[in-house]
Amino acid sequence: MASNIVLSEVEYNVVGKRHLRPDGVDKVTGRAQYGADVQLTGLLQGKVLRSPHAHARIKSIDTSAAEAYPGVHAVVTAADLSFASLSREQLGGDYQRVKFASNHVLASEKALFKGHPIAAVAAESQHVAEEAVKLIKVEYEVLPPAMTVRQAMEPNASLLHEDLFTSELGELSDKPSNVASHMAFETGDLEQGVQQADVVLEREFETASVHQGYIEPHNSTAFWNTDGQLNIWCSTQGPFVVRTSVADILRHPVSRVKVTPMEIGGGFGGKITAYLEPIAALLSRKSGRPVKVLMSRTEVFEASGPAPGTWMKVKLGVTNEGKITAADIFLAFEAGAFPGSPVMQGAACALACYDVPNARINGYDVVVNKPKTAAYRAPGSPQAAFAVESVIDEICEQMGMDPVEFRLRNASREGVRRVEGPVFRRIGLVECLEAVRNHDHYKAPLEGPNRGRGVAAGFWFNRGFQSAVNISVNPDGTVNLIEGSVDIGGSRASIAQQAAETLGIAYEDVKPTVVDTDSIGYTMVTGGSRTTFATGWAAIEAAEDVKTQMVERAARIWDTPIEDVQYIDGVLSHKSDPELRMTFRELARQLLGTGGGITGASNVDPSGEGNGFGVHIVDVEVDPDTGKTTILRYTAVQDAGKAIHPSYVEGQMQGGVVQGIGWALNEEYFFNDQGQMMNSSFLDYRMPTALDLPMIDTVIVEVANPGHPYGVRGVGEVPIVPPLAAIGSAISHAVGQRIDRLPANPGAVLEAMS
Amino acid sequence: MATVYIPTMLLPVTGGVRQTEVEARNVRQLINGLEEQFPGIKDRILENNEVRSNLAVSIDGEVARMGLLERVSESSEVHFVPAISGGQF
């Protein structure tokens, strides 16, 4: 494995070191508490009745037999949602949004995907609940489904929503449509750019719906107390988002909803939406008992949020010198049953790696009869990169140009204006490309038949958003760090490291705890590669607050002006009297007798996020008889900014690559003609395992983000972006035919070869 | 005056004008200033008196945190870019 490349010049004591994770013992001993472990007195078990049809009008629902079944305590349908009793006038401009959010939780007029919740039961046991849902009689009028963007965009396509019109920044189409919105960016003069090009290549691509594949299914336990207090325990990346969603859908005061995030067994963007929480809450309100609802793996596949399938077209113009002069891109992304695909993120990411003077990008958000899409690591970017990077690879092949050299000639760097407008600040794409060019993997020849090498680049914005942290000082000189960021990938450690570095104390002296929504200020989701950046920033500010108060306390104890006291590396001292000196620990011991404890607090919404780039190299071998692709070697290079905890950065990079490999080679939602998913288990939905893969080599390139005190950019999104294109290109070189559809499973590769 | 780049979708409203200058101290004033120059543009940018949920305002490369209250300086460069919130209602 190559060495990481550290370009930041600052040396830290705690930041950048590979410390043990605080939650490690509980997790390896099985003591960590997940949502399914929640036990409460009088707990009932819930079960959801789901639509067997991808598209159907609900003519009637009869729950009487289920309600009469022994052991059943409550049955709910969409009629129990607040939306059912609200008029269009009451909701005003919010009408459609609330309608969609409510109908997503429990279908009212129409079932819009197989697995769409229709009703739910709370009973004494899971078995009773399962029997009871079978007694609910639903009369459907089955309608033809629209399963792909191509089908849904046809003029005579079956409409999912009769009241959905295409919005072009507020201007609505004349007729209802499955195209929820259309947006475009343009820069320069596209036609002129095409004329300037010596080579113009246009290609079309498709990718399938894929799932994040987190190992822990969705779960939710709710107790709606008689005083109106609603408590929820669940597996989520964003307890505050769940709180907001539940309060919104149930029209309940946000202050009366408390969400406790349990440990989380993976999310990758898929555990932000509130699927079960409103249902569990309604069942609890109706039964007067706490209710737990769990999804099976099949329910996770059929009724949570996959990444969208896509249809894309890319046209690039390039000069003989290898300079991109024009780009024309069409992206149509499946939103699932309700509007809201990440197509515009895809559009903004599509050309972010390159300085393109003339470009046009059109993006279409299209509803189809599939579960509503959700975020999945760098939402929208992997698909767009697959299309753009594949065309670049083909152009390089045609021109006989080295693909890394081509990318270096066009690479975005500080000062380059993005297609959607803003100008890049300090970024590290060039450093990543140079690291790839110098890597022994790239220098090593790839020999043997049926083998190919692919290279691709990828981008994600990285974001800030709101975070809160409280730090209280213990009498033994340790501190408790309270945060609202759910720990998915080791963020307890990365946040604690930043607090320890700022306070000048040992990492082991910081005890981080993730708490419920009543116990910390608003904190946005753990996602978007924001947590180590933004919650880290909150930890730094809370630690600075502690330092300020410690200085004040030392000044009081020494009876000296505050200005005479300094705090350096965890030691408080008088600026001119060397006798007056205390360590953090020594002062902590005196706090309770000198005015009480000290707690530092911060609420932040930081600017200064640093964009992230990665470049990957992959070698593959294709079996010409079966079409099976074997990954021979994989190297991921990424500018992570300062790597607070390098092991977790490497883990994020390897995890993203593995998920990208699955997306590229095997994973897809497979539907029959009626729109029913036929592979809704891990037996049939093929995700890569350790036996399928070589070691994923990583190189962290640390181009410090000047917008963060320790130079953090963010890590988790970028590594899933390049694999689709890198592997597609590698297979293309191995078999001599371009790969323009994913997954490139054995059947698809054999078809391409024939 | 702040320089405002007009989103591609709104070029029909501006008659093809791609960028303009607006005297404003915050985003609200800036959008009102745009409305004075290009009547109808305000309703395309705002929804329920807030910037549309699928849009974000970028000021000098930073996404505005305070919505319509975000400050704009005389030399600011303002863009309307996609909001990063896919998958949510």
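Right, let's walk through the structure included here.

Cut-offs and rules
- Residues numbered from 1 in each chain as written.
- Chains lettered and ligands numbered in written order.
- Predicted model: local features only at pLDDT ≥ 70, side-chain atom pairs only at ≥ 80, totals over all residues.
- Helix = DSSP H or I, 4+ residues; strand = E, 2+ residues; numbered from the N terminus.
- Rg over C-alpha atoms; globule rule 2.2 N^0.38 Å.
- Buried ≥ 20, exposed ≤ 12 C-beta atoms within 10 Å, placed from the backbone.
- Contact = placed C-beta atoms within 7 Å.
- Nonpolar A, V, L, I, M, F, W, Y, C, P; charged D, E, K, R; others polar.
- Pairing = 2+ DSSP bridges.
- Axes fitted to C-alpha atoms, helices over the stretch in contact; angles between N-to-C directions.

### Details of the overall build of chain B
Argument step 1. Broken down by element type, chain B carries 3 helices and 7 strands.
Argument step 2. Order of helices (α) and strands (β) in chain B, N terminus to C terminus: β-α-β-α-α-β-β-β-β-β.
Argument step 3. A compact globule built from 89 residues would reach a C-alpha radius of gyration of about 12 Å, and chain B, at 12 Å, matches this within 12%.
Argument step 4. With the principal axes as the frame, chain B shows a C-alpha extent of 35 × 25 × 20 Å.
Argument step 5. For chain B, with 89 residues in total, the buried portion stands at 42%.

### Topic: the interface of chain B and chain A
Argument step 1. Each partner contributes residues to the interface: chain B has 23 residues there, and chain A has 38 residues.
Argument step 2. Elements that contribute at least two residues to the side of chain B that touches chain A include exactly helix 3 (41-45) and strand 7 (77-82) of chain B.
Argument step 3. No other element matches strand 7 of chain B, which puts 3 residues into the side of chain B that touches chain A.
Argument step 4. A breakdown of the residues in the side of chain B that touches chain A according to their chemical character gives 8 nonpolar, 9 polar and 6 charged.

### A word on the sheet that holds strand 3 (residues 56-62) of chain A
Residues and elements named next belong to chain A.
Argument step 1. The sheet built from 3 strands is open, its strands ordered 5-3-7 with antiparallel pairing. At either margin of the open sheet sits one strand with a lone partner, and together these are strand 5 (110-111) and strand 7 (137-142).
Argument step 2. Sheet analysis places strand 3 next to strand 7, joined by 6 bridges and oriented antiparallel. Paired with A56 across the bridge in strand 7 is V142.

### Points about the sheet that holds strand 22 (residues 510-514) of chain A
Residue and element names in this part refer to chain A.
Argument step 1. With respect to topology, 4 strands assemble into an open sheet ordered 22-21-20-26, the strand pairing being mixed. A strand with exactly one partner marks an edge of an open sheet, and here the two such strands are strand 22 and strand 26 (599-604). Neighbour-to-neighbour, the strand axes of the sheet open up by a mean angle of 15°, direction not taken into account.
Argument step 2. Relative to strand 22, strand 21 (residues 479-483) is paired through 5 bridges, and the arrangement is parallel. In the strand pairing of strand 22, L481 is matched with P512.
Argument step 3. Here helix 16 (residues 491-503) sits on the sheet in contact with strand 20 (467-473), strand 21 and strand 22, set at roughly 140° to strand 22.
Argument step 4. The strands touched by helix 17 (residues 531-558) are strand 20, strand 21 and strand 26; relative to strand 26, the strand with the most contacts, the crossing angle is about 145°.

### Digging into unusual backbone geometry
Residue and element names in this part refer to chain A.
Argument step 1. For the peptide bond that leads from L742 to P743, omega is 10°, which places it in the cis range.
Argument step 2. With respect to the helices and strands, the residue P743 is situated in the loop between strand 30 (741-742) and helix 21 (746-753).
Argument step 3. Its identity is not glycine, yet N462 carries a phi of approximately 65°, on the positive side.
Argument step 4. Take N462: there are 29 C-beta atoms within 10 Å of it, and that puts it in the buried class.
Argument step 5. You will see that S529, though not glycine, has its phi angle at about 55°, which is positive.
Argument step 6. Examined against the element boundaries, S529 turns out to sit in the loop between strand 22 and helix 17.
Argument step 7. Its 26 C-beta neighbours within 10 Å are what place S529 among the buried residues.

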